[in-house]
Amino acid sequence: GALVYQYPRRTICKSGTSMRMECQAVGFQATSVAWYRQSPQKTFELIALSTVNSAIKYEQNFTQEKFPISHPNLSFSSMTVLNAYLEDRGLYLCGARRGADERLFFGHGTKLSVL
Amino acid sequence: QQKVQQSPESLIVPEGGMASLNCTSSDRNVDYFWWYRQHSGKSPKMLMSIFSNGEKEEGRFTVHLNKASLHTSLHIRDSQPSDSALYLCAASRSSGSWQLIFGSGTQLTVMP
């Protein structure tokens, strides 16, 4: 079964509004959760890496002001897309590693459409 | 210019045939390569990873890596329609790195 649950699976929001997506690790402790965006052109970008009890590290071109992330415990993380516009469209994925397992387990993704 | 280039962009092979996908990194600092498969509407799932020069085989899937040229290839023998998916190559500087640099992918279609 899935190790990482992400919801909602898809969402549509009006331009300028915000939407929040959530990610839950099942059966393991996700000390770190990474958020990625897959653009309509299929390229992947790392948005930020969130580690419990540490500062969230944002990649270039992504900011806390635009993509605030909450990671309150070892099984849950959420990210909000504030003031979404067309360029924010895409599939947002959370990923977590399970212990020493090198594999990155992705959630199902949240597909964001902006009207 | 993307740091990880994949080719071809799309590939059609007959059922039972061999599919060969290529990936090259222009970032000389990467040491690890990953192959992910993403079925339509689903999240990517890791297929195989390779860190050492040479070849690694798992079932119908074989991965090659040439560290000198930073080129990796994925070969799928006896391709099945269920193998139809977007295949993503990613590179990173360490096995535990979160900064995976992804290519744009190869869309594989296996025709029954």
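Preceding this section is the structure that the text describes.
Residues numbered from 1 in each chain as written. Chains lettered and ligands numbered in written order. Predicted model: local features only at pLDDT ≥ 70, side-chain atom pairs only at ≥ 80, totals over all residues. Heavy atoms only, no water.

S.K.: What is the right way to look at the interface of chain B and chain A in this model?
M.R.: How big an interface is tends to be expressed through the accessible area that disappears when the partners come together. Of the residues lining the interface, 21 residues belong to chain B; the matching set on chain A comes to 22 residues. Interface area, chain B with chain A, both sides summed: about 1700 Å², of which 59% is carbon and sulfur. For the interface between chain B and chain A, the tally reads two residue pairs in polar contact (both at pLDDT 80 or more). Secondary structure elements with two or more residues in the side of chain B that touches chain A: strand 4 (32-38), strand 5 (45-50) and strand 9 (85-92) of chain B. A per-element tally of the side of chain B that touches chain A places strand 4 of chain B first, with three residues. (Contact = heavy atoms within 4.5 Å. Buried area = accessible area lost by both parts, 1.4 Å probe. Polar contact = N/O pair within 3.5 Å; in protein donor to acceptor, adjacent residues only side chain to side chain. Helix = DSSP H or I, 4+ residues; strand = E, 2+ residues; numbered from the N terminus.)

S.K.: Mind showing me how you'd approach the state of the cysteines here?
M.R.: Linking two cysteines covalently via their sulfur atoms produces the bond known as a disulfide. Residue and element names in this part refer to chain A. Counted by the stated rule, this structure contains two disulfides over all chains. A sulfur-sulfur separation of 2.0 Å characterises the disulfide bridge that pairs Cys23 with Cys94. Judged by the sign of its S-S torsion, about 80°, the bond between Cys23 and Cys94 is right-handed. In this pair, Cys23 sits in strand 3 (residues 19-25) while Cys94 sits in strand 9 (residues 90-97), placing the two residues 71 residues apart along the sequence. Since its relative accessible area comes to 3%, Cys23 is described here as buried. (Disulfide = S-S within 2.5 Å. Buried < 20%, exposed > 50% of the residue type's maximum accessible area, 1.4 Å probe, protein only.)

S.K.: How should the sheet that holds strand 8 (residues 76-81) of chain A be read in this particular structure?
M.R.: What holds strands together in a sheet is hydrogen bonding between their backbones, with the strands either parallel or antiparallel. All names here are of chain A. Taken in spatial order, the four strands of this open sheet run 1-3-8-7, and their pairing is antiparallel. Single-partner strands in this sheet number two, and they are strand 1 (4-7) and strand 7 (69-73). Neighbour-to-neighbour, the strand axes of this sheet turn through a mean angle of 15°, independent of strand direction. One ladder, built from four bridges, connects strand 1 with strand 3; its direction is antiparallel. Within the sheet, the bridge partner assigned to Gln6 lies in strand 3 and is Cys23. (Pairing = 2+ DSSP bridges. Axes fitted to C-alpha atoms, helices over the stretch in contact; angles between N-to-C directions.)

S.K.: Explain a nonpolar patch on the surface to me, please; I cannot follow it from the model alone.
M.R.: Residues Tyr5(A), Tyr7(A) and Val26(A) make up a contiguous nonpolar surface patch of about 240 Å² in total accessible area. Examined against the element boundaries, Tyr5(A) turns out to sit in strand 1. (Patch = residues over 30% accessible without salt bridge, like charges linked within 9 Å, V, L, I, M, F, W, Y side chains within 5 Å. Areas by Shrake-Rupley, 256 points an atom, 1.4 Å probe, with all protein chains shown as cover. Salt bridge = Lys/Arg side-chain N within 4 Å of Asp/Glu carboxyl O.)

S.K.: For this particular structure, what's the right way to read the nonpolar core?
M.R.: Nonpolar side chains tend toward joint burial in soluble globular proteins. Among the nonpolar cores identified, the biggest contains 26 residues, and Val4(A), Trp35(A), Ile47(A), Phe67(A), Met79(A), Val81(A) and Tyr92(A) are the most heavily contacted of them. Elements with a minimum of two residues in this core: strand 3, strand 4 (32-38), strand 5 (44-51), strand 8, strand 9 and strand 11 (110-114) of chain A. In terms of residue count, strand 3 of chain A provides more of this core than any other element does, four residues in total. Leu21(B), Tyr87(B), Cys89(B) and Val110(B) belong to the second largest nonpolar core, which has 25 residues in total. (Core = buried A, V, L, I, M, F, W, Y, C linked by side-chain atoms within 4.5 Å.)

S.K.: Teacher, can you tell me more about the pairing of strand 3 (residues 19-25) of chain B here?
M.R.: Looking along a regular strand, one sees side chains alternate from face to face of the sheet. Residues and elements named next belong to chain B. Residue alternation in strand 3 divides its side chains into a buried set, Ala19, Leu21, Cys23 and Ser25, and an unburied set, Ser20, Asn22 and Thr24. Of the strand pairs in this sheet, strand 1 (residues 4-7) and strand 3 are connected by four bridges, and their pairing is antiparallel. Across the sheet, Ser7 pairs through a bridge with Asn22, a residue of strand 3. Inspection of the sheet shows strand 3 paired to strand 8 (residues 71-76) by six bridges, in the antiparallel sense. Paired with Cys23 across the two strands is Thr72, which belongs to strand 8.

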